[in-house]
Amino acid sequence: MHLVFRFRLLCPWVSSFPLFVHKSHSFDMAASYWDSHCSRNLVSKDQLDFSHAEDRLLGLTREHIQQLNVYFCASIAELAKQLKLRQRVAASAMIYFRRAYLCNNFCRMDPRLVYVACLYLACKAEESLLAAKHLAVHAKTLRPKWSYDVKDLLDMEMVLLEDLDFNLIVFSPYRDMATFLADAGVDTVCGQRAWGALNDSYRSDVNLLYPPHIVALGCLCLAASASGVELSQWLQRLDVDLNQVAAVVAELSSLYMQHTYVISTDECHRLLDLVCQRWDSSSVGPGERRR
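Residues numbered from 1 in each chain as written. Predicted model: local features only at pLDDT ≥ 70, side-chain atom pairs only at ≥ 80, totals over all residues. Heavy atoms only, no water.

You'll find the protein chain entered in an unreviewed UniProt entry as Cyclin-like domain-containing protein, with Volvox reticuliferus given as the organism. The record held by UniProt for the protein chain lists under Sequence similarities (unreviewed entry) the comment "Belongs to the cyclin family." (UniProt positions renumbered as here; feature names shortened; annotations may be inferred.)

Put into structure tokens, the structure is as follows:
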């Protein structure tokens, strides 16, 4: 576990964002989460395994799909940073992206357009309004071969709203992390590592699988292990499922070890073009591929 953060030195995409810290709040955040409809956004491992079924039939492996997910989440982060948007906007966009592909496939809905549309939608949801034309210009600057226009972006926004069932509220772990750091009393280095792990968590599945306070605790435990900070006594005081916390730590450790680098843009295009060509030549069901 202590080796995990050595991978961070090798990962240019890890924690590239400035930290965005919410004001502290009480531990009733978890109760508020479960009392709301937002808890229904959690999915099971089986649901994740079932996603991208068509992509896998057309030749993408689970490793390819994870590589593409990491690539597009990194692209969201890079585009948001270029636009000087808050980390929370990027985080919400990544959640939208991952939710959208629980019921879609890369072969039917091009993620090269979807990731930009997710950021556009997150800007609205997080009250960081941005003109579609301005976003399209920056997307073209970031990826010169980006082949879409403003109309495509606005059309995809409508598709995403429907696929997300018009539920744009995202309960993030940031406020929980601020509370836990203050209560645990860890040092600055451990705290910075915890924030970095939390930012990186959006490139994994943990925010789809576990409630926000569990994700925050998992990131804090990962940082504490890397920093040599003992948290066992403090953790025993919390009314949480430590097995879930351990699962978050394991997921993030796997992310750092298996995805040290993001795949190149050329490799992304190769994988997507291959699966789309195979889908075009073999599809027999209703519906057209969404641009």
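Draft legend 1. Inspection of the environment of R237 at higher detail. By the element assignment, R237 lies in the loop between α14 (232-236) and α15 (242-258). Overall, the relative accessible area of 59% leaves R237 in the exposed class. Within polar-contact distance, the side chain of R237 engages the side chain of D183 at 3.5 Å. (Helix = DSSP H or I, 4+ residues; strand = E, 2+ residues; numbered from the N terminus. Buried < 20%, exposed > 50% of the residue type's maximum accessible area, 1.4 Å probe, protein only. Polar contact = N/O pair within 3.5 Å; in protein donor to acceptor, adjacent residues only side chain to side chain.)

Draft legend 2. How the structure looks around helix α10 (residues 174-184). Of all the positions in α10, only Y174, D176, M177, A178, T179, F180 and L181 are classed as buried. The first or second residue beyond α10 is G185, which carries a positive phi of 65°.

Draft legend 3. The arrangement of the pattern of salt bridges in detail. For the structure shown, the criterion picks out eleven salt bridges. Across the salt bridge formed by D205 and R98, the nearest N and O atoms sit 2.3 Å from each other. Of this pair, D205 sits in the loop between α11 (188-201) and α12 (206-209) while R98 sits in helix α6 (residues 87-100), and the two are 107 residues apart along the sequence. With respect to burial, D205 and R98 carry one shared label: buried. Each member of the salt-bridge network shares a partner with another, and the members are D110, R112 and D273. (Salt bridge = Lys/Arg side-chain N within 4 Å of Asp/Glu carboxyl O.)

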